[in-house]
Amino acid sequence: MNILAWNAPPPTAELTRAIAAHEKPLYLAVCLPDLSLSEFRPSESPSALEQALQQAINAQSGCIQFNGVNALNDILPDVHLWLLPPANASRLHEHFPQPVCWQTEPVAQNKAEPQKPWFTPPASRTAPERALIIGAGIAGAATARALAEHGLPVTVLEAAAPALAASGNRQGLLYAKISAHPTEQTELLLCGYGHSRRLLQRLLPEAACWGGDGVLHLDHNATEAKRNQALGRQRHHAHLYRTVSAAEAGQIAGITISQSALYWPQGVWLNPPALVHALLDHPLITLHTHTPLLSATHNGHGWQARTPAGLFHGSHIVYCTGAHSPQMADCNVAALPWRLIRGQTSLAAASPQSAKLRCALSAASYISPAWQGLHCYGATFLPQQRTSDWQMADEIANRAELAKLHPHLAADLLSDGLSLADNIPKGHAALRCDSPDHLPIAGPLGHIAAMQQAYERLALDKNYRLNTPCPYLPDAYINSAHGSRGLATAPICAQSIAAAILGLPDPLSQRIRTALHPNRTIVRAIVQQQNLLENPNIVKCTKK
């Protein structure tokens, strides 16, 4: 692996010379000197390679953001262009574990800050031979794809069929509901939004299962209006989102809109199952459906996954089990503080008037443009529920929210009252998986019982200095708790996990990896003198 770095965007001819001169895989790290994307200048008589590179950059730079790294992977075959904003340019060591070869005057690097031992990566890494992925929703499919594209064989074990649970919605929205402040969630969502948008374009470039003319997030109350206006003043992201008046919003949407909004021109609606199946469509991925995991054990050399269909083996295991995480046989997964949230969407047959809707509308609820004659709208958000069957109460709630979102659309689409036409399918109901701080849980898995013993002094003094290395499970990872934001967050987390397993550059900053680390929840419980293993909901799991 070669990593070349520039302190500003170089001419494309210089990039192509570097591409021709170095072995692959090749990472081109371009540090942006300010909050803008200076153009990669083409030469007067560009070569075919330079033309291909320039075209690829232009096609993939629409969602460039300045809160974190933009990883434009496979900009050319086995060539990856990473654009680093100023805040990340001085911390290349967080992203690139290998030495960087500067092609210009180097950007001064900040000294790496020591990590708490429970956030320090596992000291040893087993050479990967095959990965076991548990679950085939958006997180599992994206993790499998991230590993397979780097040459690692993957076995995916799915208890039912791909994209049936939280990833089974008919139409979801890909945009980023962010804060105007540089929070961890904002950085993650912007990095993930761009990554997922590029992934869609690469895997499903001509498909009819996604699209639309952007997403309008309406100023549906004073708080949202204030947030949207603050975001609209961030001129460095004007290409990503901008404030629009009610009149302009109506022109964009194709129907009358009564509120101003924040417009995401590259936001899309999409059919999540189509993306999941596209991610799983790779020669190195073997999918086993209706194969629930009964137990997983490490024999000192690798993982053995026991299922009704027999044993499956892998050097590494990644749990991507979403709302099924609390039911896993291993307490190191089940005991983490999961939060389950029931959500149900609804469907309505398009009318001549509603068919004019060109882009998705979002507020406290959302509605997508018609696809195959149906609109998808909703969704309910009901914590502490464990049922995933369709319920009329949720249908009523969705209709009420649609009436608030756009009264004229609701009146047009819901003229049948509460009856459901026989030819209109019911909406989709599922349990979403969330965490207490509403950030995903993604990274290496710690051994909870051993961690409680190693770090028990934190229960008396949360600031007690400890240097005890973290007792991790060997080569075990998790990618879960994406809530309702999985389309934006699960694929970028998958890339980070693949980087940890394969020793590759990581697109997420150390700040974000720490914020997502599974051990944050374990240490928090120790400090609060809570024993996660005494949770009555996990009595059936294996405490090992």
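In what follows, the accompanying structure is described. Nothing here was measured: the structure is a model prediction, and the numbers come from that model. (Residues numbered from 1 in each chain as written. Predicted model: local features only at pLDDT ≥ 70, side-chain atom pairs only at ≥ 80, totals over all residues. Heavy atoms only, no water.)

## Brief notes about the overall build of the chain
Using the following cut-off: We count a stretch as a helix when DSSP gives it H or I for four or more residues in a row; a strand needs E for two or more, and each element gets its number in order from the N terminus. Within these notes, the globule rule equals 2.2 Å times the number of residues to the 0.38 power, and the radius of gyration is based on C-alpha atoms. Under the scheme applied here, a residue whose accessible area is under 20% of the maximum for its type counts as buried, over 50% as exposed, and between as partly exposed, the area being computed with a 1.4 Å probe on protein chains only. Contacts are assigned to residue pairs with any non-hydrogen atoms lying within 4.5 Å of each other.
Scanning the chain for helices and strands turns up 15 helices and 26 strands. For the chain, the C-alpha radius of gyration of 24 Å lies close to 24 Å, the compact-globule estimate for 544 residues. Structurally, the chain occupies a C-alpha span of about 70 × 65 × 45 Å along its principal axes. Going through the 544 residues of the chain one by one, you find that 56% of them count as buried. Contacts in the chain between residues far apart in sequence, at least 24 positions, make up 73% of those at least 6 positions apart.

## Focus on the nonpolar core
Rules: Take the buried residues of types Ala, Val, Leu, Ile, Met, Phe, Trp, Tyr and Cys, join any two whose side-chain atoms come within 4.5 Å, and each joined set is a nonpolar core.
Judged by nonpolar contacts, the single largest core of 72 residues is most densely connected at I133, V154 and W264. At 9 residues, the largest contribution of residues to this core is made by helix α13 (residues 486-502). By size, the runner-up hydrophobic cluster in this structure holds 41 residues, among which are W118, A335, A476 and I478.

## Considerations on the sheet that holds strand β18 (residues 316-319)
Rule in force here: Paired strands, in this sense, are two strands between which DSSP finds at least two bridges. Interaxial angle, 0 to 180 degrees, is taken between N-to-C directions of lines fitted to C-alpha atoms, where a helix line uses only the stretch in contact.
One open sheet holds the 6 strands; their spatial order is β14-β7-β6-β18-β26-β25, and the pairing between them is mixed. In the strand order of this sheet, the two ends are held by β14 (285-288) and β25 (441-446), each with one partner. For this sheet, the mean angle separating the axes of adjacent strands, direction not counted, is 20°. Of the pairings in the sheet, the one linking β25 to strand β26 (residues 472-480) comprises 5 bridges and is antiparallel in character. Directly across from G443, in β26, lies its bridge partner I478.

## Regarding the packing of helix α4 (residues 138-148) against helix α8 (residues 272-280)
This is how it is decided: Geometric relationships in this document are graded by angle, where less than 35 degrees denotes roughly parallel, more than 145 denotes roughly antiparallel, 65 to 115 denotes roughly perpendicular, and other angles denote oblique. Note: crossing handedness is left-handed where the near helix turns anticlockwise from the far helix by less than a right angle, and right-handed where it turns clockwise. Gly is put with the polar residues, along with every residue not named as nonpolar or charged; the nonpolar set is Ala, Val, Leu, Ile, Met, Phe, Trp, Tyr, Cys and Pro, and the charged set is Asp, Glu, Lys and Arg.
Two elements in contact, α4 and α8, have axes whose closest approach is 8 Å; the angle formed by their N-to-C orientations is 25°. Classified by the angle between their axes, α4 and α8 sit roughly parallel to one another. Pair α4 / α8 crosses with left-handed handedness. Between α4, through I138, A141, A142 and R145, and α8, the contact on the second element is made entirely by L275, V276, A278, L279 and L280. For the contact of α4 with α8, the per-class residue count stands at 8 nonpolar, no polar and 1 charged.

## A look at the packing of aromatic side chains
To be explicit about the condition: Side-chain rings of Phe, Tyr and Trp (the six-membered ring for Trp) are treated as a pair once their centres are within 6.5 Å; stacked means planes under 30 degrees apart, edge-to-face means over 60, and tilted covers the remaining angles.
If you walk through the whole model with that rule in mind, you get 9 aromatic pairs. Ring geometry for Y241 versus W264: centroids 4.9 Å apart, planes at 50°, classification tilted. Here W264 lies in strand β12 (residues 261-264) and Y241 lies in the loop between α6 (222-232) and β11 (242-244), a separation of 23 residues in the sequence. W264 shares its class with Y241; the two are buried. Connected via pairs of aromatic rings, a cluster forms that spans Y175, Y193, Y241 and W264.

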